[in-house]
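What follows is each chain in one-letter form.
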Amino acid sequence: IDPARIRNFSIIAHIDHGKSTLADRLLEVTGTVSKRDMKEQLLDDMDLERQRGITIKARAVSMRYTHHGTEYELNLIDTPGHVDFQYEVSRSLTCCEGALLLVDAFQGVEAQTVANAYNAIEHNLEIIPVLNKIDLVHARPEEVKEEIEQTLGLDAEDAIGCSAKTGLNCQAVIDAIIARVPAPTGKLDATLQAMVFDSVYDEFRGAIIYVRVMNGVVRKGDRVKFLQAGTAHEVVELGQLAPRRVPREHLSAGQVGYVVCNIKSLGQVHIGDTLSVAQGEPAAALPGYEQPKRMVFCGLYPSDGQDFENLREALSKLQVNDPSFVFEPETSDALGFGFRCGFLGLLHMEIVQQRLEGESDIDLVQTAPNVTYRIKVKDGDWIDVHTPQRVPANGDIEDFQQPIVRVSFVLPVDYIGGIMKLCADRRGVFVRQEYLSPTRAMLVYDLALAEVVYDMHDRLKSITRGYGTMDYELRGYETGDLVRLDILVKGERVDALSIVCDKRDSETRGRAVIKKLKEEIPRHMFEVPLQAAIGTRVVARETIKAMSKNVTAKCYGGDISRKRKLWEKQKEGKKRMKSIGQVDIPQKAFLAVLETG
Ligand code: GTP
């Protein structure tokens, strides 16, 4: 196919502005999928994604469309909308020449609208603003156009107003793609050069590799080479996604499609790699992608030690489809054998946990999430620490650094004061404030990631009554006034409960954790002292009083079956406990540190 008749584009949008719905409509208008088959939203095809309504993994779909007598190939490359998956957005954008900037005509410009649009501008894409949901009575397209011009400096004069729900004006969106998105510039007669932008695992075919051909042609049966991985393979199948896999004989410059090469695991596929010829001089390697950054870590432990191997198997299975999630074995005195897991962000963590619970029936204990710390040990090197219990004793640390993120909030102006206070409470550094319109503003702060990951999003939503949105990007590491705060139960340090916090917060945090623990840990036959300490200095303490009488006492004289029932119940309760020394600590208590963040 002549590259002049190809258009490659993405849809970028804030969550819930209607990306999946518009994608469906485009498939329908171009006749790629019939209305009857459209019951399910096709682009996000994982159950969980549908449940949560979030498109997580980038996917692609090819459409054919005849415009003024010429047939065009339109490739839509899907992008996730959530902050945790920004790096996947970049990945998709490098394969496109244009992007539809989809904005809800009622909600207006939101934090991820801005982040995604900047991303597209950086990639030099032609951006077509599209205002969705104009069927809504309260839609305010003119104001939203102004917001787009004000914040992004884009010309929104020709923005298309449409309704992805009713189909109104969706045809105009297709026409604009053909008219405004530049055709790819690749050469058909050059050496093969293709970008690997994604891969999925198929039980029968192994790795299915998604590519955008930049130059040349790749044919079924060709021997190809992955330049970064340095491996050569035969192409056993290739084709396009419409949206299901449709095998073809070849893919040429400008096209987007899939390649199957008998590669058994996704671990062998490097996203961002360049595909070229195995014989002769290969093409130049394309600039790769930034590696995904794991920002958040937590420990996952089976509550029954016997399940350790099952948990390992379940985690490996998950990783096959999601290489951005990492894990390694770790041990805790308190929790035994388990795994330290790394995620792109909090949402990613939640998704992985839900999948684990859905796909295996292992009872899990999860420790509070934490960020990566960089520590310079006295007379030693810098180390990266992913778990608070591995932080060296405070006296041995020369420099203690933490990740800092730049957070952008978009919110109605009435709530500016509330968010400023929240950021000040968390030692945020004000960067700037901008008005998108007389009623909406963008606030930018630099904050410690640790202050953001726990509950910033929830706090934002509650302060702004749901109207505020946020986005963040990593700025780098900075020295902080940080300490490791330990929790001692009956004199013993419970390693899984250690946290890292700002020194100035240590007393408040310590007191809050201990108060929570006091509620969660049942009474024993003896007193249980609880302490929070920095090194040997105790900053907070509480005591759980000893139990006054036997629980079975009230059954005295009662029938034995009632007594037995009570014991059974206690036993069940026990199962969900961990014994530290002589003290039974319920699993819920291990999350106590979370709720007091
Ligand atoms: P993520 O996958 O979470 O990024 O969301 P999305 O941007 O793909 O949004 P989605 O297409 O799932 O739409 C979000 C909600 O908006 C759904 O309830 C849609 O039915 C609704 N919606 C989408 N387009 C329109 C529209 O044109 N008009 C109206 N009234 N509702 C719409």
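Residues numbered from 1 in each chain as written. Predicted model: local features only at pLDDT ≥ 70, side-chain atom pairs only at ≥ 80, totals over all residues. Heavy atoms only, no water.

Quick look at the environment of Pro392 now. Locating Pro392 in the fold gives a position in the loop between β22 (382–385) and β23 (397–412). Using a relative accessible area of 16% as the deciding quantity, one classes Pro392 as buried. In sequence terms Pro392 and Val377 are 15 residues apart; their C-alpha atoms lie 7.9 Å from each other. Once you skip the residues sitting within four places of it in the chain, Pro392 turns out to touch Ile375, Ile383, Ile397 and Arg484. (Helix = DSSP H or I, 4+ residues; strand = E, 2+ residues; numbered from the N terminus. Buried < 20%, exposed > 50% of the residue type's maximum accessible area, 1.4 Å probe, protein only. Contact = heavy atoms within 4.5 Å.)

Here we take up the layout of surface pockets. Taken as a whole, the largest pocket holds about 1000 Å³ of empty space. Taken together, 33 residues make up the lining of the largest pocket; nearest its centre are Gln86, Asn119, Tyr472, Glu473 and Leu474. Broken down by secondary-structure element, the contributors of at least two residues to the lining of the largest pocket are α3 (86–93), α4 (111–122), β23, β25 (440–448) and β26 (469–479). Among the elements that line the lining of the largest pocket, the one with the most residues is α4, at 6 residues. (1 Å grid on protein atoms, 1.4 Å probe; cavity = no way out; pocket = protein on both sides within 12 Å on 5 of 7 lines; lining within 4 Å. Points joined across faces, edges and corners; volume = space filled by probe spheres on them.)

It is worth spelling out the packing of aromatic side chains at this point. Centre-to-centre distance and the angle between the planes together describe a pair of aromatic rings. Inspection of every chain in the model, using the stated rule, returns 8 aromatic pairs. Taken together, Phe308, Phe325, Phe327, Phe337, Phe339 and Phe343 form an aromatic cluster joined through their ring pairs. Over the ring of Tyr258 we find Arg245; its NZ or CZ atom is 5.8 Å from the centre of that ring. Geometry around Tyr477 places Arg374 over its ring, the cationic atom sitting 4.0 Å from the centre. (Phe/Tyr/Trp six-rings, centres within 6.5 Å; stacked < 30°, edge-to-face > 60°. Lys NZ or Arg CZ within 6 Å of the ring centre and 35° of its normal.)

Let's shift gears to the side chain of Ser10. Here Ser10 shows up in strand β1 (residues 6–13). With a relative accessible area of 0%, Ser10 lands in the buried category. For Ser10, the side chain forms a polar contact with the main-chain oxygen of Ile77, separated by 3.0 Å. Beyond its immediate stretch of four places on either side in the chain, Ser10 contacts Leu76, Ile77, Thr79, Ser92, Leu93, Cys96, Gly98, Ala99 and Leu100. (Polar contact = N/O pair within 3.5 Å; in protein donor to acceptor, adjacent residues only side chain to side chain.)

Strand order in this open sheet of 8 strands is β11-β10-β16-β7-β8-β15-β12-β13, and the pairing throughout is antiparallel. Edge strands, defined here as strands with exactly one partner in the open sheet, are β11 (231–234) and β13 (245–247). With strand direction ignored, the average angle separating the axes of adjacent strands in the sheet is 40 degrees. The sheet contact formed by strand β10 (residues 223–226) and strand β16 (residues 274–277) spans 3 bridges and is antiparallel. Considered in β16, the bridge of Phe226 is made with Leu275. (Pairing = 2+ DSSP bridges. Axes fitted to C-alpha atoms, helices over the stretch in contact; angles between N-to-C directions.)

This paragraph deals with helix α12 (residues 506–520). Its 15 residues give α12 an end-to-end C-alpha distance of 21 Å, which sits within 8% of 21 Å, the value for a rise of 1.5 Å per residue. Restricting attention to buried positions, one finds in α12 the residues Ser506, Arg509, Gly510, Val513, Ile514, Lys516, Leu517 and Glu520. Angularly, the buried residues of α12 cover 160 degrees about the axis, an arc narrow enough to put them on a single face. Counted as exposed and oriented over 90 degrees from the buried face of α12: Thr508, Lys515 and Glu519. (Expected span 1.5 Å × (residues − 1). Arc of directions from axis to C-beta.)

It is worth spelling out the pattern of salt bridges at this point. In this structure the tally under the stated criterion is 28 salt bridges. Note that Glu71 is salt-bridged to Arg64, the shortest N-O span being 3.5 Å. Residue Arg64 is classed as partly exposed on the basis of its relative accessible area of 35%. The salt bridge partner of Asp202 is Arg245, with a shortest N-O separation of 3.3 Å. Linking Asp202 in strand β7 (residues 193–202) with Arg245 in strand β13, this pair joins segments that are 43 residues apart in sequence. For Asp202, a relative accessible area of 16% translates into the label buried. Via salt bridges that share partners, Arg140, Glu143, Glu147 and Arg440 belong to a single interconnected network. (Salt bridge = Lys/Arg side-chain N within 4 Å of Asp/Glu carboxyl O.)

Moving on, we come to the side chain of His348. Examined against the element boundaries, His348 turns out to sit in helix α8 (residues 346–359). Given a relative accessible area of 2%, His348 falls into the buried group. In this structure the side chain of His348 is engaged in a polar contact, spanning 2.9 Å, whose partner is the backbone nitrogen of Leu344.

Next up on the list: the UniProt feature "binding site: GTP" (unreviewed entry) in the chain. Using the residue numbers shown here, the UniProt feature "binding site: GTP" (unreviewed entry) corresponds to Asp16, His17, Gly18, Lys19, Ser20, Thr21, Asn132, Lys133, Ile134 and Asp135. Examined against the element boundaries, His17 turns out to sit in the loop between β1 and α1 (19–29). Overall, the relative accessible area of 2% leaves His17 in the buried class. Among residues more than four places away in sequence, those in contact with His17 are Leu102, Val103, Asp104, Gln107, Gly108, Glu110, Thr113, Asn132 and Lys133. Mapped onto the elements, Asn132 comes out in strand β5 (residues 126–132). Accessibility expressed as a relative area gives 3% for Asn132, which makes it buried. The residues contacting Asn132, other than those within four sequence positions of it, are His17, Gly18, Leu102, Val103, Asp104, Ala105, Cys162, Ser163 and Ala164. (UniProt positions renumbered as here; feature names shortened; annotations may be inferred.)

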